[in-house]
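Per-entry structural report
Here is how the chains run, residue by residue.
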Amino acid sequence: MQIYYTDKLLIDINNIKNLQAVWLENITQAKINNKFIYYPSLCISYDGGKFLSLMYNEKYFDSFVKKVTEVYNDEKDNVYEDKLLDPFNLHSKINIDDYTKEVLEKGYLSNLNELYKFYENKFSYNNSLLFENNELEFIMPIIKYHLEDFFKHTDTVFKMNDSIYGYRTLYNTNAIIDGKEKTILLNYNKENENEYSIKISNIFENNDETEINIKFDNYKIKVTIENKQYNLYSEYEYLMNEQNIKQIISIYKNSLILHHSNKDLDSTDNVNKNITDFDASTSFKWFILPWNALWGINNKVENINENEKVLQMHSMYLLVKNNSFNKRENYTNKKIIKETPNTKGMPLVLDEMNKNTTCICISPNDNLYVIETAFLDTDNSNGYYKENLNNKYFYHTFISDDLNKEIERLVNITNNDVIEKPDLFNKLKILGLVKGDK
């Protein structure tokens, strides 16, 4: 049995009482080239001289704000002038300036990002419950397209199937090479949630190896293919900007370039609105990737004043395959501060999200689905993300005749019913959850 301990900082937050002063300030976090970078922080003194302060991007900041707001509302009118009733002066007037008072009372610090609300107060796991083949299924269309395009620049005629057979890291699929059907072997390695390496063998008669690497960055997808025996190397990049997505291809032989192209991808309509918006409303300009996936972008700038503006960057990758889908979502909210003699004019990241969502059908006869939503580690997430979402895996189940028309009545899966990976694929157990039998 594993015992979980509550963080001491969270214990201190939960024990806040007898507020004496509350104030907001900018904490100097760094000094670069003799110019300061400032981060907003909430500070309190309480309970006879104790002090606590957290910056917006620190873990438990959200819990801290909620507790301070709760105690402030409870105690702001509890002023005892009689020393006999309050000999230690614990219930004197709370010292708070007008700006901090407005921010606290109007809940500005507690405004939850709409992208997170669907998952608020829901049960989550610390690890993924999906199997390797569930992940590889969504990588195969990328492998298929890039291998076939790669061989178009050689005299080898190559056509590949994207169905796989195997377990854990070893799989096989079929391909037609120069008119002959062959079994292709794949060695699958997941570097992390957004990076994959696949070694493919048995393409050529001498059984040499071709390696494909796939990496999803925030606003770029990069695919490389390398065959060392023939000294062949190709690089495919899909780069996003505010207006479009570019596909840049470079293919090399012995470090000499054989082919290079740079083109804009076609825009398209979103025919999968029910899938893209099942947990939050979105608005994207969509483009179609050559393996029939979609990539949406929504970047906007809001001017706060002459010295500050906020840049929001939001993107979503979506691949719908048969009766399943995979979407990868990135969001960044930055404050851009104009450079002054004393302040470094560099971006201050207010929030950052990296989210992967995978939906699979665990029983086609029952139209029974399971969705995994993984919130991945980021460098600049805010306190709420770090406390409630970072490296957490949420699971929902539902029944639908058509994913593009109906994803609703989702049931949050908890460890009361699903403990191990096989439990997630137990049709009777999951069906019971959806129908309320559990």
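For the structure, see preceding data.
Parameters and conventions
- Residues numbered from 1 in each chain as written.
- Predicted model: local features only at pLDDT ≥ 70, side-chain atom pairs only at ≥ 80, totals over all residues.
- Heavy atoms only, no water.
- Helix = DSSP H or I, 4+ residues; strand = E, 2+ residues; numbered from the N terminus.
- Contact = heavy atoms within 4.5 Å.
- Polar contact = N/O pair within 3.5 Å; in protein donor to acceptor, adjacent residues only side chain to side chain.
- Axes fitted to C-alpha atoms, helices over the stretch in contact; angles between N-to-C directions.
- Parallel < 35°, antiparallel > 145°, perpendicular 65-115°, else oblique.
- Nonpolar A, V, L, I, M, F, W, Y, C, P; charged D, E, K, R; others polar.
- Pairing = 2+ DSSP bridges.
- Phe/Tyr/Trp six-rings, centres within 6.5 Å; stacked < 30°, edge-to-face > 60°.
- Buried < 20%, exposed > 50% of the residue type's maximum accessible area, 1.4 Å probe, protein only.
- Lys NZ or Arg CZ within 6 Å of the ring centre and 35° of its normal.
- Salt bridge = Lys/Arg side-chain N within 4 Å of Asp/Glu carboxyl O.
- Core = buried A, V, L, I, M, F, W, Y, C linked by side-chain atoms within 4.5 Å.

The next thing to look at is the environment of Gln247. As for its placement among the helices and strands, Gln247 is situated in strand S13 (residues 245-253). Along the sequence, Gln247 and Glu237 sit 10 residues apart, while their C-alpha atoms lie 5.7 Å from each other. For Gln247, the contacting residues outside a window of four places in its chain are Tyr145, Glu237, Tyr238, Ser261, Asn262, Lys263, Leu265 and Pro290. Here the side chain of Gln247 touches Tyr145 through a polar contact of 3.2 Å, side chain to side chain.

Where helix H2 (residues 61-75) meets helix H3 (residues 98-105), the axes come as close as 10 Å, and the angle between the chain directions of the two elements is 105°. Here H2 lies roughly perpendicular to H3, going by the angle between them. Note on element contacts: H3 touches H2 through Lys101, Leu104 and Glu105, opposite Val68, Thr69 and Tyr72. Grouping the amino acids of the contact of H2 with H3 by side-chain chemistry returns three nonpolar, one polar and two charged.

As paired elements, strand S12 (residues 232-240) and S13 share nine bridges and run antiparallel to each other. Note on S13: the bridge partner recorded for Tyr236 is Ile249. What sits between the antiparallel neighbours S12 and S13 is a turn of four residues. If you look at the hairpin formed by S13 and strand S14 (residues 256-264), you'll find two residues sitting between the two strands, and Asn254 has a positive phi there, around 55°.

Turning next to the packing of aromatic side chains. Going through the model one piece at a time under the given rule, you end up with 23 aromatic pairs. A ring pair is formed by Tyr188 and Tyr196, whose centres lie 6.3 Å apart and whose planes are at 15°; its orientation type is stacked. In this pair, the class of Tyr188 matches that of Tyr196, namely buried. Counting every residue linked through ring pairs, the aromatic cluster contains Tyr116, Phe118, Tyr119, Phe278, Phe325, Phe375, Tyr384, Tyr385 and Phe394. Here the guanidinium or amino end of Arg328 rests over the ring plane of Phe216, the centre of that ring lying 4.1 Å away. Over the ring of Phe131 we find Lys421; its NZ or CZ atom is 5.4 Å from the centre of that ring.

Its place among the elements puts Ile177 in strand S7 (residues 170-177). Along the backbone, Ile177 and Phe204 are 27 residues apart, and their C-alpha atoms lie at a distance of 8.7 Å. Setting aside residues up to four positions removed in sequence, Ile177 forms contacts with Thr156, Val157, Phe158, Lys182, Ile184 and Ile203.

For Asn121, which is not a glycine, the phi torsion comes out positive at approximately 65°. In this fold, Asn121 is placed in the loop between H3 and helix H4 (132-151). Take Asn121: its relative accessible area is 76%, and that puts it in the exposed class. The phi dihedral of Asn292 falls on the positive side, at around 70°, and the residue is not glycine. Along the chain, Asn292 falls in the loop between strand S16 (285-288) and strand S17 (294-303). For Asn292, a relative accessible area of 61% corresponds to the exposed category.

Attention now goes to the pattern of salt bridges. Inspection of every chain in the model, using the stated rule, returns 22 salt bridges. In this structure, the salt-bridge partner of Asp217 is Lys215, at a minimum N-O distance of 4.0 Å. Of the residues examined, Asp217 reaches a relative accessible area of 31% and is grouped as partly exposed. Overall, Lys215 belongs to the partly exposed group, its relative accessible area being 35%. Its salt-bridge partner being Lys246, residue Asp264 comes within 2.9 Å of it at the nearest N-O pair. Taken together, the residues Asp264 in strand S14 and Lys246 in strand S13 connect sequence positions 18 residues apart. Lys246 sits in the partly exposed class, given a relative accessible area of 29%.

Another point: the nonpolar core. The biggest cluster of nonpolar side chains holds 66 residues, and the ones touching the most others in it are Ile143, Tyr238, Trp291 and Tyr317. The dominant element in this core, judged by the number of residues it contributes, is H4, at 10 residues. Among all residues touching Ile143, those that are not within four sequence positions of it are Leu136, Met160, Leu186, Ile198, Ile200, Ile212 and Ile214. Counting 23 residues, the second-largest nonpolar core is a separate cluster that includes Leu112, Met353, Cys359 and Leu403.

As a further point, take helix H8 (residues 427-435). Since there are 3.6 residues in each turn of an α-helix, residues three or four apart along the chain are aligned in direction. Of all the residues in H8, the buried ones are Lys429, Ile430, Leu431, Gly432 and Leu433. Of the residues one or two after H8, Gly436 is the one with positive phi, at around 80°.

The side chains of a regular strand alternate, first on one face of the sheet and then on the other. Side chains of strand S10 (residues 209-216) alternate between two faces, with Thr210, Ile212, Ile214 and Phe216 buried and Glu209, Glu211, Asn213 and Lys215 left unburied. Where strand S9 (residues 195-201) lies against S10, seven bridges are found, and the strand directions are antiparallel. Counterpart to Ile200 in the pairing with S10 is Thr210. Where S10 folds back on strand S11 (residues 220-227), the antiparallel hairpin that results is connected by three residues.

Honestly, it's all geometry; don't read function into it.
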